[in-house]
Amino acid sequence: LYCGTMLYVANSILHDKHLAEDAVSEAFIKIMDNMDKIEDVNSYRTRGFVVIIVRNISLNILKKQKRIELKEDFTSYSESEDLFLDTITAIEAYDKIIKAISKLNKNYSDILYLKLYMKYSYDDIAKILGISKENARMRFSRARKALKEQLLKEGYFYERQYNE
């Protein structure tokens, strides 16, 4: 039922048909291990569950792939020093943000993914998660605040202090 959606999500992250198919296969295994969490197969909640699983697996594959590419780039590094350093910085920032999100409450990490990455509306998120639209907005607001606090706590960013 959700195979097409799963392939779309995986391919939008990985940009490689074969890796996307691998991610979907791995996701099916994980879904089978968690069948007890699925009440109604034809629901927004199940669709969200499936999308979140395939997204997480795809991101893990991408992360492994980026590390391999980064090592290969580093060995063939020549005159594009600034671009290379920018790439390293971006990958490190991405890894830190993903790590901070993974430390958040699952409700927060899921809603950040659905709203920011999947670009779902609050109505869609409410249907997927089985909550009200207002609850989806509030949870997203709290998730953003929790992410900011987590990043500050881990010293990745510093909050500006203004003197008045």
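Please refer to the structure placed before this passage.
Caption draft 1: Spatial organisation of the overall build of the protein. Counting secondary structure elements, the protein contains seven helices and zero strands. Reading the protein from its N end, one meets helices and strands in the order α-α-α-α-α-α-α. A total of 164 residues make up the protein; the buried ones form 34% of that total. Within the protein, contacts between residues at least 6 apart in sequence are counted, and of these 63% link residues at least 24 apart. On the protein, roughly 11,300 Å² of surface is accessible, and the fraction owed to carbon and sulfur atoms is 52%.

Caption draft 2: Structural view of unusual backbone geometry. In this structure, His15 takes a positive phi of about 55 degrees despite not being glycine. Here His15 is to be found in the loop between helix H1 (3-14) and helix H2 (17-33).

Caption draft 3: Geometry of the packing of helix H5 (residues 106-117) against helix H7 (residues 133-153). Between H5 and H7, the shortest axis-to-axis distance is 9 Å and the interhelical angle comes to 105 degrees. Here H5 is positioned roughly perpendicular relative to H7, judged by the angle of their axes. Taking contact as the criterion, the partners of Asn107, Tyr108, Ile111, Leu112, Lys115 and Leu116 in H5 are, on H7, Ala136, Arg139, Phe140, Arg142, Ala143, Arg144, Ala146 and Leu147. Counted by class, the contact of H5 with H7 contains nine nonpolar, one polar and four charged residues.

Caption draft 4: Seen up close, the pattern of salt bridges. Taken as a whole and judged by the stated rule, the model has three salt bridges. Put simply, Arg55 and Asp110 hold a salt bridge, and the shortest N to O gap is 3.9 Å. Residue Arg55 is located in helix H3 (residues 44-75), and its partner Asp110 is located in helix H5; the two are separated by 55 residues in the primary sequence. For Arg55, a relative accessible area of 6% puts it in the buried group. For Asp110, the salt bridge goes to Lys106, with nearest N and O atoms at 3.3 Å. On the criterion of helical spacing, the pair formed by Asp110 and Lys106 is a turn pair, its members being four residues apart in helix H5. The network of salt bridges with shared partners includes Arg55, Lys106 and Asp110.

Caption draft 5: Region of the structure containing the packing of aromatic side chains. Under the criterion given, the structure shown has one aromatic pair. Between the aromatic rings of Tyr122 and Phe140, the centroid separation amounts to 6.2 Å while the plane-to-plane angle is 65 degrees, which identifies the pairing as edge-to-face. Of this pair, Tyr122 sits in helix H6 (residues 122-129) while Phe140 is found in helix H7, placing the two residues 18 residues apart along the sequence. Of the two residues, Tyr122 and Phe140, both sit in the buried class. Just above the ring of Tyr113 sits the side chain of Arg55; from NZ or CZ to the centre is 3.6 Å. Against the face of Tyr122 rests Lys115, its NZ or CZ located 4.2 Å from the ring centre.

Calculation criteria
- Residues numbered from 1 in each chain as written.
- Predicted model: local features only at pLDDT ≥ 70, side-chain atom pairs only at ≥ 80, totals over all residues.
- Heavy atoms only, no water.
- Helix = DSSP H or I, 4+ residues; strand = E, 2+ residues; numbered from the N terminus.
- Buried < 20%, exposed > 50% of the residue type's maximum accessible area, 1.4 Å probe, protein only.
- Contact = heavy atoms within 4.5 Å.
- Areas by Shrake-Rupley, 256 points an atom, 1.4 Å probe, with all protein chains shown as cover.
- Axes fitted to C-alpha atoms, helices over the stretch in contact; angles between N-to-C directions.
- Parallel < 35°, antiparallel > 145°, perpendicular 65-115°, else oblique.
- Nonpolar A, V, L, I, M, F, W, Y, C, P; charged D, E, K, R; others polar.
- Salt bridge = Lys/Arg side-chain N within 4 Å of Asp/Glu carboxyl O.
- Phe/Tyr/Trp six-rings, centres within 6.5 Å; stacked < 30°, edge-to-face > 60°.
- Lys NZ or Arg CZ within 6 Å of the ring centre and 35° of its normal.

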